[in-house]
Amino acid sequence: MISTPRHVPVVIVGGGQAGLSVSYHLKQRGIEHLVFEKHTAAHTWATQRWDTFCLVTPNWQCDLPGLPYDGPDPDGFMRKDEIVAYLKAFVAKVNPPIREGVAVTRVERREDGIFSVQTSEGDYTANEVVVASGGYHTPIIPRMAEKLPGSITQIHSNQYRNPAQLPEGEVLVVGSGQSGAQIAEDLHLAGRKVHLAVGDAPRCARFYRGRDVVTWLADMGYYEMTVENHPLRDGVRDNTNHYVTGRDGGRDIDLRRFALEGMRLYGLMEDYEDGSLCFRDDLKRSLDQADRTYNGINAAIDKYIAEKGIDAPAQAHYTPVWEPDEPVTSLALEGSGITSVVWCIGFTPDFRWLDASVFNGAGSPKHKRGITNEAGVYFIGLPWLNTWGSGRFGAVGRDAEYIVQAIQKRLGAERFALKFAV
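- Where an unreviewed UniProt entry is consulted, the protein appears under the name MSMEG_0569 family flavin-dependent oxidoreductase, with the organism given as Methylorubrum zatmanii.

Written as structure tokens, this is what we have:
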């Protein structure tokens, strides 16, 4: 006997904060749905973050649907355990119809227009499919890693927990985005000798002229700017996040100061050949560009303060505290003291399970504020889905409400069409 797949109007793939935000708004409207999560709800915050991980945006920006931050430290930065507790409270608040431990393996549209949803527990059908699995699926580890000696311990940033998990010896951190810069700092503060292969990530100040830079930018309307209004348009989605930290109450991350304190900095890591690590001769350029961004943001704040006549303490712009000597483009691994490598060069998306004409040539989804050209297919939780905060706790709820409004409109139209077709 062939069983008939269970039909639900809306299927949400992914049970992180984005998928749960969609579930919240669907429940508010009484729309039946299911959330499929191959692990457990919001699991990545507990299982793929290092021990000292904390938010880089102030707690007041945490504004998940129905659960705005109301703790004692709105200007502070939640640590890992506090983030996990906040998300557990959000799961309890939403109380979603979720199937944990169930992976979605295939979604495709049938001839009748309904979506077939194949999962590890069986088949379903749905009118609407919301992709809430994010864009950080497959850790990037370059092929050059295969050439490193087996004696070198290699992990990705999503596996890093603390300095003690790495063998004794010096550590090479590859990549200086938010994860790379913060992991390098974590190792550095623990007294480990760190080698950092610097990329082209920008940086920003933590505090400037008496306030958190995030607070200034919020007042300036930066976080309300949409992709359509950003000078880079869709290109902003490819930008690397600025490195800064909320650790110990928040501070700048200054790679030049780390260098003064003994951290070894190199340009972009390009290869491993004949026993040597090979780096690009671009360290000075990368550091200078990061500082230009840093000072450029501060200059924009200066302009805003002057235009609004705000009484704020004066503060000088950043001047370099260290300059690189002759570039090091090759480092013999033997004798370097390096015993481990932490790859911090990001992730690639994996939407192979979704059979829909919604991707560009690079495999990224094409959408406008999460709504694709294929009716009934939506994305949420991606960086700059609509604004800077789309992939964060601050604006994902607004994105979810917008998508749910579109879903409600489509489902209403479908019911109307069905009524008159009978």
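### Notes on the overall build of the protein
Then, number 1: From N to C terminus, the protein includes eight helices and 22 strands.
Then, number 2: Judged by the C-alpha coordinates and their principal axes, the protein covers about 80 × 60 × 40 Å.
Then, number 3: Counting contacts in the protein only where the partners sit at least 6 residues apart, residues at least 24 apart contribute 70% of the total.
Then, number 4: In the protein, 45 side chains carry a positive charge and 53 a negative one; their mean positions are 5 Å apart.

### A few points about the side chain of D212
Then, number 1: Here D212 shows up in strand 14 (residues 211-212).
Then, number 2: In terms of polar contacts, D212 uses its side chain to reach the backbone amide nitrogen of V214, at 2.8 Å.
Then, number 3: Setting aside residues no more than four positions away along its own chain, D212 makes contact with P58, F77, R206 and F207.

### Thoughts on the sheet that holds strand 16 (residues 269-273)
Then, number 1: Sheet architecture is open: three strands sit in the order 16-17-18, paired in antiparallel fashion. The open sheet terminates on both sides in strands that have one partner only, identified here as strand 16 and strand 18 (330-332). Between one strand and the next, the sheet's axes are offset by a mean angle of 20°, whatever the strand orientation.
Then, number 2: Alignment of strand 17 (residues 276-279) against strand 18, held across three bridges, turns out to be antiparallel. Each residue of the ladder has a partner; that of C278, found in strand 18, is S330.

### Brief notes about the nonpolar core
Then, number 1: Counting residues in hydrophobic clusters, the biggest one holds 86 residues, and the most contacted among them are L255, L265, L354, F379, I380 and F393.
Then, number 2: Counting residues per element, this core draws most heavily on helix 8 (residues 396-421), at seven residues.
Then, number 3: Sequence-distant contacts of F379, that is, excluding residues within four places in its chain, are made with V131, F351, L354, V358, F359, P365, G370, T372, L385 and I403.

### Digging into the environment of R292
Then, number 1: Position of R292 among the secondary structure elements: in helix 7 (residues 283-308).
Then, number 2: Distance in space between the C-alpha atoms of R292 and P202 is 8.5 Å, their sequence separation being 90 residues.

### Examining helix 7
In an α-helix, one turn spans 3.6 residues, which is why side chains three or four residues apart end up on the same side.
Then, number 1: For helix 7, spanning 26 residues, the distance from its first C-alpha to its last is 38 Å, which sits close to the expected 38 Å at 1.5 Å a residue.
Then, number 2: Looking one or two residues past helix 7, G309 carries a phi angle of roughly 65°, positive in sign.

### A word on the environment of Y243
Then, number 1: Note on placement: Y243 falls in the loop between helix 5 (213-219) and helix 6 (255-260).
Then, number 2: Exposure remark for Y243: the relative accessible area of 3% places this residue in the buried category.
Then, number 3: Sequence separation between Y243 and D350 is 107 residues; the distance between their C-alpha atoms is 25 Å.
Then, number 4: Non-local contacts of Y243, meaning those with residues more than four positions away in its chain, are made with S176, G177, Q178, A181, A201, P202, R203, C204, I253, L255 and A290.

### Structural notes on the pattern of salt bridges
In a structure, side chains of opposite charge can pair up when their charged atoms sit close to one another.
Then, number 1: Under the defined criterion, the tally for this structure stands at 28 salt bridges.
Then, number 2: A salt bridge links D248 to R247, with the shortest nitrogen-to-oxygen separation between them at 4.0 Å.
Then, number 3: One connected set of salt bridges, linked through shared partners, spans R203, R256, K284, D288, D291 and E323.

### With respect to the packing of helix 1 (residues 17-28) against helix 3 (residues 80-94)
How two helices sit against one another is set out by the angle between their axes and by the gap between those axes.
Then, number 1: Put simply, helix 1 and helix 3 touch, their axes get as near as 10 Å, and they point 25° apart. Compared by their axis directions, helix 1 and helix 3 come out roughly parallel. In this structure, the crossing between helix 1 and helix 3 has a hand that is left-handed. Along the contact surface, helix 1 presents Q17, L20, S21, S23, Y24 and K27, while helix 3 presents L87, F90, V91 and V94.

### What about the pairing of strand 6 (residues 104-109)?
Then, number 1: Relative to strand 7 (residues 115-119), strand 6 is paired through five bridges, and the arrangement is antiparallel. Note on strand 7: the bridge partner recorded for V107 is V117.
Then, number 2: Where strand 6 lies against strand 21 (residues 354-355), two bridges are found, and the strand directions are parallel. What sits directly across from V107, in strand 21, is L354.

Conventions and cut-offs
Residues numbered from 1 in each chain as written. Predicted model: local features only at pLDDT ≥ 70, side-chain atom pairs only at ≥ 80, totals over all residues. Heavy atoms only, no water. Helix = DSSP H or I, 4+ residues; strand = E, 2+ residues; numbered from the N terminus. Contact = heavy atoms within 4.5 Å. Lys, Arg positive; Asp, Glu negative; His and termini not counted. Charge placed at Lys NZ, Arg CZ, Asp CG, Glu CD. Polar contact = N/O pair within 3.5 Å; in protein donor to acceptor, adjacent residues only side chain to side chain. Pairing = 2+ DSSP bridges. Axes fitted to C-alpha atoms, helices over the stretch in contact; angles between N-to-C directions. Core = buried A, V, L, I, M, F, W, Y, C linked by side-chain atoms within 4.5 Å. Buried < 20%, exposed > 50% of the residue type's maximum accessible area, 1.4 Å probe, protein only. Expected span 1.5 Å × (residues − 1). Salt bridge = Lys/Arg side-chain N within 4 Å of Asp/Glu carboxyl O. Parallel < 35°, antiparallel > 145°, perpendicular 65-115°, else oblique. Left-handed = near helix turned anticlockwise from the far one by under 90°.

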